[in-house]
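One letter stands for each residue in the lines below.
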Amino acid sequence: MNSSASTPEQAALIKELIALADEMERFADDQTEQLDFETYAALVELETRLLAFANLLATHDTENLIRDEIVSASRFLNDLKKEATIA
């Protein structure tokens, strides 16, 4: 992730997003055996979203970042579809 933000406000927001994502990850790891699947999955999803927002703020070329995510998600979905038809 490119850590140079355009403004000090963006840099502070990026730092806050990453800190919260790290805290969520540590909590999920520490509490894995106590959390039900849905709660654990929700924590992981929120952590991922926070990191994605931080990455988006830190990236100066947001259009290419978003295009890369679309390509990655499409490939993943297509692979799952192929596996589903084989099984």
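Residues numbered from 1 in each chain as written. Predicted model: local features only at pLDDT ≥ 70, side-chain atom pairs only at ≥ 80, totals over all residues. Heavy atoms only, no water.

## A closer look at the environment of Thr48
For Thr48, the location among the structural elements is in helix α2 (residues 37–58). Classification of Thr48 by relative accessible area gives partly exposed; the value is 47%. (Helix = DSSP H or I, 4+ residues; strand = E, 2+ residues; numbered from the N terminus. Buried < 20%, exposed > 50% of the residue type's maximum accessible area, 1.4 Å probe, protein only.)

## Let's talk about helix α1 (residues 8–30)
For α1, with 23 residues, the first-to-last C-alpha span of 33 Å sits near the 33 Å given by 1.5 Å per residue. Listed in full, the buried residues belonging to α1 are Ile14, Leu17, Ala21, Met24 and Ala28. Summarising the contacts, the buried residues of α1 are in contact with α2. (Expected span 1.5 Å × (residues − 1). Contact = heavy atoms within 4.5 Å.)

## Points about the pattern of salt bridges
Applying the stated criterion to the full structure yields 1 salt bridge. Here Glu63 ties to Arg67 by a salt bridge, and the two come within 2.8 Å at their closest N and O atoms. With Glu63 and Arg67 both in helix α3 (residues 62–86) and 4 residues apart, this pair spans about one turn of that helix. (Salt bridge = Lys/Arg side-chain N within 4 Å of Asp/Glu carboxyl O.)

## A word on a negative patch on the surface
Together, Asp22, Glu25, Asp29 and Asp30 line one region of the surface with negative charge. Given a relative accessible area of 32%, Asp22 falls into the partly exposed group. (Patch = residues over 30% accessible without salt bridge, like charges linked within 9 Å, V, L, I, M, F, W, Y side chains within 5 Å. Areas by Shrake-Rupley, 256 points an atom, 1.4 Å probe, with all protein chains shown as cover. Lys, Arg positive; Asp, Glu negative; His and termini not counted. Charge placed at Lys NZ, Arg CZ, Asp CG, Glu CD.)

## A closer look at a nonpolar patch on the surface
A contiguous nonpolar patch, built from Phe53, Leu56, Ile66 and Ile70 and spanning about 360 Å² of accessible area, is present on the exposed surface. Put simply, the parts of the chain that give the nonpolar patch at least two residues each are α2 and α3. Structurally, Leu56 can be placed in helix α2. The exposure class assigned to Leu56 is partly exposed, which follows from its relative accessible area of 31%.

## Examining the side chain of Glu47
For Glu47, the position within the fold is in helix α2. For the buried residue Glu47, which engages in no salt bridge, the nearest side chain bearing the opposite charge is Arg26, 9.2 Å off. Setting aside chain neighbours within four positions, we find Glu47 in contact with Ala21, Met24 and Glu25.

## Some remarks on the nonpolar core
Residues Ile14, Leu17, Ala21, Met24, Ala28, Leu35, Leu43, Leu50, Ala54 and Ala58 constitute the largest nonpolar core, which totals 10 residues. Of all elements in the fold, only α1 and α2 reach the threshold of two or more residues within this core. Among the elements that line this core, the one with the most residues is α1, at 5 residues. Not counting chain neighbours up to four residues away, the residues in contact with Leu35 comprise Phe27, Ala28, Tyr40 and Leu43. (Core = buried A, V, L, I, M, F, W, Y, C linked by side-chain atoms within 4.5 Å.)

## Topic: the confidence of the model for the chain
In this model, the chain carries an average pLDDT of 89, and 93% of its residues clear a pLDDT of 70 or more. Confidence, read as mean pLDDT per element, is least for α3 in the chain (90) and greatest for α1 (94). (pLDDT = per-residue confidence, 0-100.)

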